[in-house]
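Single-letter residue listing:
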Amino acid sequence: MQVADHTGERFLTESTIRQRLASIMVADVAGYSRLMNCDECGTVAALDAARGIFRESIELHQGRVIDMAGDSVLAVFDTASGAVDCALDVQQQLDAAARDVAEDCRMRFRIGIHLGDVFEKADGTVYGDGVNIAARLEGIAEPGGVAVSDAVELAVRKRSAASFEDLGEQRVKNIAEPVRAYRVGRRTDAPPSPAAETVSGHRAAAPRDAVDKPAIAVLPFNNMSGDAEQEFFADGITEDIITELSRFRDLFVISRNSSFKYKGQAVDVQKFARELGVQYVVEGSVRKVGKRVRITVQLIDARTDRHVWAERYDRDLEDIFAIQDEVTRAIVATLPGRVEAAARDRAARTTTENMAAYECVLTGKVLHHRSNRADNERAQSLLDRAIELDPSYAHAHAWKACVLGQTWTYNWCDDRVEIQERIVEELRTALALDDNDSDVHRILAAVNIIQDRHDQAIYHQRRALSLNPNDDLVVVQQGEMLTWLGQAAEGIDWIEKAMRLNPYHPERFWHHLGRACFAARRYPEALEALKCITAPDALHRALIASCQARLGDAGAAAKQRDEALALAPGLTIAEYLSTLHYRDPADREHHRESLALAGFPP
């Protein structure tokens, strides 16, 4: 469930063009005509190789190639840090690939990066001043170098393995205002990036929390049934194994969102492990025929690409929970630090004997994760069916509350009060049936925070965290909770931990981090986090304006205030404060004063 925290997009024409914030990278070969005249065949071969390097690095850093016409490259990224890290990695790889080539025949790219608005068509192409500025910055860059705008430098100053040299304001063609540019290099104290380590063959550093404990990721299980409908079953089995593993505090378990980014791909296990920073990978397959199921599972030590353990299970569907428990126990038994308390909690959980209800819940979860109205409605129907088949199935009630929570958050309903009452009722039922379901407590904590019932929220959040300490949704909510309780500095650490657990986390995590930094009076860090939101809504812009006002930048604060009011003309300080849940009146007053400094109406 997401609580009053969503990101909007502005559509210029119905479903065809949208305006959004993006990081744009433009690259071009320096002296391409000269190289072609010197060695046409060799230049074409080098260009093809360079395109492969660009494609792989752009994909690795969560970017998207827009065009590779001629000797140029155009790509967009969700984050400025992804674009900068990609550019540095590409230049490093291109330099390494050309070491044996004569100096005057080496192919060198200039790369420019800008963070700004673009217009995106339905076919994925982008245009606008954001693209034009990136192209002009590319012209400023040196051959083999990277140049970025001040918007990029501000966004990634502390979040990238980069150093910045101020080139001053630059007058660029067809852009009315001068652009402040920076030359980018890699910091000498920065660790190698995942892409660079892929090339060199060394393993990336594991997340900080994983240093003293085994880190593990579960690849989406393959559906071997030959039936597309069984994708839900395979996905559900994968998700349940991730959830069960997450209960063990001595394991660092990568979230399902990150693992499912690789669904349907041919995965190089060692590369997958390096990208997510884990030592162990679980992969497997599911074949379901009638009332029989075959599950194959393998645990791989990614450092050596060696199988630590493998097993095959042929069972009746009624034995599915025993299979899951057996798989989880076998994996954990091969890793150090098994926790007896977590095993006792796990054994106490209630399941269902109705396999049709179980499959309805599995499918409902998958549909919920798609986060659109049609699939939300389908998920509600399936969860209603699961509850009809087994009214005592606690997990079905919990997930019905979660799906209704998504309905409430995105306003996919006519009566928000009625939906909130249904959420609370489903959670009461789930709690009475099973007090050991972490999702029940996670959602109850969120509902109690909305109602400013802090003590009750603390209880349920603690229970959720004790039951599933590696669930990124539980962990990020712990950071939110501490922010509301006046412990924002500690909350920042929890939110950043959630981001490490789920490298592909939702954008709303940046809002949580920005708000926590703001509450901790760390305004520059708050701005860096908030600028990672690609399409900020009115509340996001109001928070950005508050930070800028606190930093004394009245002009920037006024611009963000005006954009917030353009998106939500009726927005007032009182309305904004109604979305906040601080327990300490001093924190609320700090926020009120900041909004007033930015010029918002009372």
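From a predicted model like this one, the values you see are computed outputs, not experimental measurements.

(A) Just the overall build of the protein, in detail. The helix and strand inventory of the protein stands at 25 helices and 15 strands. Burial analysis of the protein (602 residues in total) assigns 54% to the buried set. A sequence separation of at least 24 residues applies to 67% of the contacts in the protein between residues at least 6 apart. Accessible surface, the protein as shown: approximately 25500 Å² in total, 48% of it carbon and sulfur.

(B) Molecular detail of the pairing of strand β13 (residues 280–289). With 7 of 10 residues buried, β13 lies mostly within the body of the structure. Summarising the sheet, strand β10 (residues 215–218) and β13 pair through 3 bridges and their orientation is parallel. When the bridges of β13 are listed, Val218 appears paired with Val282. Across 10 bridges, β13 lies against strand β14 (residues 292–301) in antiparallel orientation. Across the sheet, residue Arg287 finds its bridge partner in β14, namely Arg294.

(C) Structural context of the packing of helix α21 (residues 523–530) against helix α22 (residues 538–550). For the pair α21 and α22, the least separation of the axes is 9 Å and the interaxial angle reads 150 degrees. Relative to α22, α21 is oriented roughly antiparallel. In terms of crossing hand, the pair formed by α21 and α22 is left-handed. Seen from α21, the contacting residues are Tyr523, Ala526, Leu527 and Leu530; seen from α22, they are Leu543, Ile544, Cys547, Gln548 and Arg550.

(D) Molecular detail of the pattern of salt bridges. Under the criterion given, the structure shown has 23 salt bridges. A salt bridge links Lys271 to Glu56; its shortest N-O distance comes to 3.2 Å. Taken together, the positions of Lys271 in helix α9 (residues 269–276) and Glu56 in helix α2 (residues 40–60) put the pair 215 residues apart, joining distant regions of the chain. In this structure Lys271 comes out as partly exposed when scored by relative accessible area, which is 26%. Between Arg378 and Asp375 there is a salt bridge; the shortest N-O distance is 3.3 Å. With Arg378 and Asp375 both in helix α13 (residues 373–389) and 3 residues apart, the pair spans about one turn of that helix. Judged by relative accessible area, Asp375 falls into the buried class, the value being 10%. Each member of the salt-bridge network shares a partner with another, and the members are Glu142, Glu165 and Arg183.

(E) Representation of the packing of aromatic side chains. Scanning all chains against the criterion turns up 6 aromatic pairs. Its end group placed over the ring of Trp408, Arg416 keeps NZ or CZ at 4.1 Å from the ring centre.

(F) The side chain of Gln406, seen in detail. Secondary-structure assignment places Gln406 in helix α14 (residues 394–409). Overall, Gln406 belongs to the buried group, its relative accessible area being 5%. For Gln406, the side chain forms a polar contact with the main-chain oxygen of His368, separated by 3.1 Å.

(G) Quick look at unusual backbone geometry. Of note in the backbone geometry, Gln62 takes a positive phi value of approximately 60 degrees without being a glycine. Mapped onto the secondary structure, Gln62 falls in the loop between α2 and β3 (63–67). Here Gln62 falls in the partly exposed class, since its relative accessible area comes to 36%. Although it is not a glycine, Asp452 adopts a positive phi angle of roughly 60 degrees. As for its placement among the helices and strands, Asp452 is situated in the loop between α16 (438–450) and α17 (454–467). Taking the relative accessible area as the measure of exposure, Asp452 reaches 39% and is therefore partly exposed.

(H) Here's a closer look at the nonpolar core. Counting residues in each nonpolar core, the largest one holds 65 residues, and the members touching the most others are Leu276, Val278, Val281, Leu513 and Phe600. Other than its neighbours up to four places away in sequence, Phe600 contacts Ala542, Ala545, Arg561, Ala564, Leu565, Leu571, Ile573 and Leu595. By size, the runner-up hydrophobic cluster in this structure holds 53 residues, among which are Phe221, Ala357, Cys360 and Ile443.

(I) Just the environment of Glu56, in detail. Of the residues examined, Glu56 reaches a relative accessible area of 38% and is grouped as partly exposed. Considering only alpha carbons, one finds Glu56 and Val90, 34 residues apart in sequence, at a separation of 9.2 Å.

(J) Up close: helix α23 (residues 554–567). Taking 1.5 Å per residue as the helical rise, α23 with its 14 residues ought to reach 20 Å, and the 20 Å between its terminal C-alpha atoms agrees with that figure. Along α23, the positions that sit buried rather than exposed are Ala557, Gln560, Arg561 and Ala564. For α23, the angular spread of buried residues about the axis comes to 105 degrees, placing them on one side. The exposed residues of α23 that point more than 90 degrees off its buried face are Gly555, Lys559 and Ala566.

(K) Layout of the pairing of strand β5 (residues 109–121). Relative to strand β7 (residues 146–149), β5 runs parallel, the two sharing 3 bridges. The residue of β7 that forms the bridge with Gly112 is Ala147. In this sheet, strand β6 (residues 126–127) lies alongside β5 in antiparallel orientation, the contact comprising 2 bridges. The residue of β6 that forms the bridge with Phe119 is Tyr127.

(L) Up close: the environment of Asp314. Inspection of the secondary structure puts Asp314 in strand β15 (residues 306–316). C-alpha separation for the pair Asp314 and Thr296, spaced 18 residues apart in sequence, amounts to 8.8 Å. Beyond its immediate sequence surroundings of up to four residues, Asp314 is in contact with Arg292, Val293 and Arg294.

(M) Fine view of the confidence of the model for the protein. With 84% of its residues at a pLDDT of 70 or more, the protein has an overall mean of 80. Throughout residues 1–15 the model reports pLDDT below 50, and contacts reaching past four residues in sequence, or to other chains, amount to 46 contacts. For residues 188–212, every residue scores under 50 in pLDDT, and the model assigns this stretch 41 contacts once sequence neighbours within four places are set aside.

(N) Local environment of the packing of α17 against helix α18 (residues 472–484). Here α17 crosses α18 at 150 degrees, and the two axes come no closer than 10 Å. In terms of orientation, α17 lies roughly antiparallel with respect to α18. Handedness of the crossing formed by α17 with α18: left-handed. For the pair α17 and α18, the contacting residues are Ala457, Ile458, Gln461, Ala464 and Leu465 in the first and Val474, Val475, Gln477, Gln478 and Met481 in the second. Among the residues forming the contact of α17 with α18, the class breakdown is 7 nonpolar, 3 polar and no charged.

Analysis parameters
Residues numbered from 1 in each chain as written. Predicted model: local features only at pLDDT ≥ 70, side-chain atom pairs only at ≥ 80, totals over all residues. Heavy atoms only, no water. Helix = DSSP H or I, 4+ residues; strand = E, 2+ residues; numbered from the N terminus. Buried < 20%, exposed > 50% of the residue type's maximum accessible area, 1.4 Å probe, protein only. Contact = heavy atoms within 4.5 Å. Areas by Shrake-Rupley, 256 points an atom, 1.4 Å probe, with all protein chains shown as cover. Pairing = 2+ DSSP bridges. Axes fitted to C-alpha atoms, helices over the stretch in contact; angles between N-to-C directions. Parallel < 35°, antiparallel > 145°, perpendicular 65-115°, else oblique. Left-handed = near helix turned anticlockwise from the far one by under 90°. Salt bridge = Lys/Arg side-chain N within 4 Å of Asp/Glu carboxyl O. Phe/Tyr/Trp six-rings, centres within 6.5 Å; stacked < 30°, edge-to-face > 60°. Lys NZ or Arg CZ within 6 Å of the ring centre and 35° of its normal. Polar contact = N/O pair within 3.5 Å; in protein donor to acceptor, adjacent residues only side chain to side chain. Core = buried A, V, L, I, M, F, W, Y, C linked by side-chain atoms within 4.5 Å. Expected span 1.5 Å × (residues − 1). Arc of directions from axis to C-beta. pLDDT = per-residue confidence, 0-100. Nonpolar A, V, L, I, M, F, W, Y, C, P; charged D, E, K, R; others polar.

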